[in-house]
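Architecture and fold: a report
What follows is each chain in one-letter form.
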Amino acid sequence: MECDQKFTVIRRRHHCRACGRVLCSACCSERVCLEYMEFREGRVCIRCKSTIDRVQQESRVVAAAQPAARHQRARPPNPNNPMEYCSTVPPAQQATANAPPPTVMVPSVLKRTEAAAILKDAKGCKELAWKPESGKLPPLYQSGSAGASVKQSTPEETIVSMIRAERDLPWSFLINKNLMVVVKVFKLDCCVGRTCWIFTSHGLSTVGQEEVVVILESLPNEATLPKDVFFFYHHLFAEAAKGNFVTELGHTLFSTPFLDSKEHGGFLYLRPTFQCLHNVPCPPQPFLVAVLIQKWEAPWAKVFPLRLLLRLGAEFRYYPCPLVSVRHRKPVFFEVGHTIINLLADFRNFAYVLPTVHGMHIHMEEQQTSVLIPRNRFNQVLKAINNSNDHVLALGASFSREADSHLVCMQNEDGQYQTQAINIQNRPRRVTGASFIVFNGALKSASGVTAKSSIVEDGLMFQISSETMQTLRGSLRQMQDYKIECGPLGMAPDEVISIKWVEDDRSHNLGVRSVIDDKALDGVPSIRVHSATDYVGETKLIRWTEVYVIKVTESVCRSGSEPPDFSRLAEEVARGTCVALTPHLPLLAESERTRIGLRATVDRDTVGYEAGSNGEALPPACLNLLDSELVPVLHRYAAEVPDSPICLELLFHVIDR
């Protein structure tokens with residue numbers, strides 16, 4: 001409408017979110033936060049941006065002249081009178097205004113979108129890099145102001161007061177060019193009943209790390225930002241760039257005081273299950289929540305994190321555990337002392353820990369205990385058997401979503417360990433979960449019983465004969481179900497332990513959706529890619545960060561290993577994709593296609609690929625180059641390995657150099 005350029009497949013149409021006109025990307029390249037969009041950021045044309053800037057300048061002058069009325073909301077301008085959007089204040093007087101920019105509403109003919117804009121990168125701020133220096137804040141912009149791209153310089157106390165304002169949107173702090181942390185203060189009154197700082201990362205995924213949320217309880221009358229959290233995010237990004245990722249039930253420990261206390265030991269990483277996330281601005285799945293732990297709790301984070309997780313749940317009466325980090329609290333564990341885990345893990349040098357079978361669940365019901373082992377975790381069970389002695393076999397379990405209660409290990413002030421249970425509120429206890437199971441093959445035949453069972457701390461111990469132990473080990477090696485009856489010889493059993501091999505564990509990537517077509521990727525295993533080659537353009541680069549294994553041959557599923565050509569195919573597809581897209585990186589970034597997926601399929605009936613971003617296909621110009629690079633690779637694989645159907649989805653990020 002302004003430059004008279006014809007719209008093509010490459011030169012796309014863009015609506016101005018203020019006036020509603022249809023323009024090219026160059027004429028509609030500005031971004032402001034609009035009141036009718038609840039102060040979310042939207043694309044506007046150059047003319048509307050100029051008008052909004054003038055109105056802001058006038059509002060600054062009025063606010064500076066009338067400090068008492070600075071925070072009062074003015075009457076919105078009349079959309080039928082364009083002059084109400086123009087400033088009558090002389091430019092010289094506008095330039096003297098130093099008040100923070102207020103927001104302004106501009107009418108629109110477009111339907112209001114519900115897309116959250118608080119995690120989008122700030123255009124114009126990408127060149128601002130932050131180096132962690134004591135006492136300094138990273139550059140920031142307010143998501144709720146039209147001056148979002150301008151580095152702010154108000155005092156820290158003023159920033160805190162504005163972040164705490166209920167109607168304002170979160171503020172965003174730029175840790176580096178590709179990492180931003182969104183900050184807001186919310187009162188989580190739905191269930192937690194605490195006022196909290198909420199930090200949400202945006203950009204850790206560009207180095208292969210899941211995004212991380214920190215929910216930190218606000219101290220009374222806290223007037224400064226918890227700046228140590230920014231240092232923590234900076235550390236996470238730097239470590240992930242080296243290939244040191246954090247995962248569920250992983251940990252990060254501190255060697256120096258953190259958040260004004262030497263007792264804060266680090267963070268334990270959790271994946272939300274039954275917890276409420278109302279009012280928490282979460283990033284797209286998958287993401288982790290980092291919970292602050294004390295130094296006395298750090299050994300348990302290393303050796304047996306599930307015990308620590310559930311103990312925190314009992315402490316705060318929140319099932320299975322809270323997501324809120326509480327500063328300066330009393331630790332839930334003290335000196336390790338006498339615990340059965342001392343026999344199963346190394347607390348001195350941390351050379352070995354209790355072997356955990358991911359996805360294995362232990363369910364306790366009336367006179368029945370079920371040990372459910374996923375078939376795709378056979379290798380983990382086999383490793384635990386080979387590393388154990390002939391008389392004792394111990395296996396750690398995972399948290400079960402099917403259980404409505406769970407055993408918890410408590411340590412009293414005398415250092416003694418006791419057993420309690422926590423459960424989901426207002427739900428009767430039907431299935432109780434346990435954290436580990438120990439089979440002890442030292443039961444004598446003269447005892448007069450077939451087997452004995454007992455609850456030990458937050459796990460179970462079964463005493464069985466040496467013959468039963470050998471039979472049990474043989475059944476596990478053959479992936480066969482096994483049953484143990486407890487009670488006096490020749491009588492009905494008091495309890496039955498059933499060891500069952502069940503369907504494959506598919507608890508990973510829950511809630512994750514494909515960027516190609518929004519297809520659910522629940523249960524699809526994925527592999528993070530480290531040290532992949534970055535393909536660099538003039539101002540952007542493209543990086544391969546992850547591969548989802550949607551389909552592999554049956555032999556691969558059962559053995560748990562990869563065929564020789566699995567990684568080679570993924571690498572060749574990734575290389576071809578990067579080579580094809582590198583010339584178009586500015587176009588992709590401008591159209592906000594910064595997360596790109598490519599799904600390659602080689603089957604008896606299908607050989608091809610799909611590529612897209614934000615649920616839409618890539619522009620034809622990109623697809624033409626992808627055809628040239630990928631079609632020969634896929635057909636060559638199909639000819640070399642005709643009986644190995646495979647489907648991989650690769651994830652790429654377009655980021656700043």
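See the structure shown above.
Anyway, here's the lowdown on the structure attached to this text. (Residues numbered from 1 in each chain as written. Predicted model: local features only at pLDDT ≥ 70, side-chain atom pairs only at ≥ 80, totals over all residues. Heavy atoms only, no water.)

**Side note on the overall build of the protein chain**
Defined as follows: By definition, any uninterrupted DSSP run of H or I lasting at least four residues is a helix, any uninterrupted run of E lasting at least two residues is a strand, and each is numbered from the N terminus. Relative accessibility under 20% of the residue-type maximum defines a buried residue, over 50% an exposed one, and the middle range a partly exposed one, all with a 1.4 Å probe and only protein chains included. We call two residues in contact whenever any of their non-hydrogen atoms come within 4.5 Å of each other. A 1.4 Å probe and the Shrake-Rupley method give the accessible areas. Residues count as covered only by the protein chains that appear here.
Helices and strands together make up the secondary structure of the protein chain, namely 12 helices and 31 strands. Sorting the 657 residues of the protein chain into buried and exposed places 50% on the buried side. Sequence separation of at least 24 residues holds for 66% of the intrachain contacts in the protein chain that already meet a minimum separation of 6. Of the accessible surface of the protein chain, which amounts to about 31200 Å², a share of 50% is contributed by carbon and sulfur atoms.

**Observations regarding the pattern of salt bridges**
Using the following cut-off: Any carboxyl oxygen of Asp or Glu within 4 Å of a side-chain nitrogen of Lys or Arg constitutes a salt bridge here.
Scanning all chains against the criterion turns up 26 salt bridges. Arginine 307 serves as the salt-bridge partner of glutamate 457, at 2.7 Å between the closest nitrogen and oxygen. With glutamate 457 in the loop between β21 (452-456) and β22 (459-463) and arginine 307 in helix α6 (residues 305-316), this residue pair connects regions lying 150 residues apart in the sequence. A residue is classified by how much of its surface remains accessible, and glutamate 457, at 10% relative accessible area, is buried. Its relative accessible area of 0% is what places arginine 307 among the buried residues. One salt bridge in this structure joins arginine 599 and aspartate 517, with 3.0 Å as the shortest N-O distance. Highlighted residues: arginine 599 in strand β28 (residues 595-602) and aspartate 517 in the loop between β24 (495-502) and β25 (526-528), separated in sequence by 82 residues. On the basis of relative accessible area, arginine 599 is assigned to the buried category, the value being 5%. Given the relative accessible area of 36%, aspartate 517 is considered partly exposed.

**Details of the packing of aromatic side chains**
To be explicit about the condition: Pairing of aromatic side chains requires ring centres within 6.5 Å, counting the rings of Phe and Tyr and the six-membered ring of Trp. Pairs whose planes differ by under 30 degrees are stacked, by over 60 edge-to-face, and all others tilted.
Considering all chains together, one arrives at 18 aromatic pairs under this definition. With 5.6 Å between their ring centres and 85° between their planes, phenylalanine 254 and phenylalanine 267 make a pair best called edge-to-face. With phenylalanine 254 in the loop between β10 (251-253) and β11 (264-270) and phenylalanine 267 in strand β11, this pair connects stretches of sequence that are 13 residues apart. Each of the two residues, phenylalanine 254 as well as phenylalanine 267, counts as buried. Measuring from ring centre to ring centre gives 6.3 Å for tryptophan 300 and tyrosine 417, while their planes differ by 70°; the resulting arrangement is edge-to-face. Residue tryptophan 300 is found in helix α5 (residues 298-303), and its partner tyrosine 417 is found in strand β18 (residues 417-423); the two are separated by 117 residues along the sequence. Accessibility expressed as a relative area gives 0% for tryptophan 300, which makes it buried. Judged by its relative accessible area of 13%, tyrosine 417 is buried. Through successive ring pairs, a cluster of aromatic residues spans Phe232, Tyr233, Phe254, Phe258 and Phe267.

**Things to note about the nonpolar core**
Just so we agree on the cut-off: Definition used in this section: a nonpolar core is a set of buried Ala, Val, Leu, Ile, Met, Phe, Trp, Tyr and Cys residues joined via side-chain atoms within 4.5 Å.
Core analysis: the biggest nonpolar cluster contains 48 residues, and Ile215, Trp300, Phe304, Leu308 and Ile341 have the highest contact counts within it. The element contributing the most residues to this core is α6, with 6 residues. Sequence-distant contacts of tryptophan 300, that is, excluding residues within four places in its chain, are made with Pro305, Arg307, Leu308, Phe333, Val336, Thr339, Ile341, Phe347 and Tyr417.

**Re the sheet that holds strand β20 (residues 436-440)**
Two modes of strand pairing occur in sheets, parallel and antiparallel, and in both the strands are linked by backbone hydrogen bonds. Note the threshold: Only strands joined by at least two bridges in the DSSP assignment are considered to pair. To get an axis, fit a line to the C-alpha atoms, keeping to the stretch in contact for a helix; angles then go from 0 to 180 degrees between the N-to-C directions.
The sheet built from 4 strands is open, its strands ordered β16-β20-β22-β21 with mixed pairing. Strand pairing shows two members of the sheet lacking a second neighbour, β16 (392-396) and β21, which therefore form its edges. The sheet shows a mean angle of 15° between the axes of neighbouring strands, taken without regard to direction. Bridging between β21 and β22 involves 5 bridges; their strand directions are antiparallel. Bridge assignment links serine 454 to a residue of β22, and that residue is methionine 461.

**Some thoughts on the environment of proline 428**
Tracing the backbone shows proline 428 in the loop between β18 and β19 (432-433). In the structure, proline 428 is positioned 24 residues away from aspartate 404 in sequence and 7.7 Å away in space, judged by C-alpha atoms.

**Quick notes on the pairing of β11**
Among the 7 residues that make up β11, 7 are buried, leaving the element largely enclosed by the rest of the structure. Examined bridge by bridge, β10 and β11 share 3 bridges and lie antiparallel to one another. Looking across to β11, one finds that threonine 252 is bridged to phenylalanine 267. With 6 bridges connecting them, β11 and strand β12 (residues 287-294) associate as antiparallel partners. What sits directly across from histidine 264, in β12, is glutamine 294.

**A look at the environment of leucine 23**
Looking at the secondary structure, you find leucine 23 in strand β2 (residues 22-23). Separated by 10 residues in the primary sequence, leucine 23 and arginine 13 place their C-alpha atoms 5.8 Å from one another.

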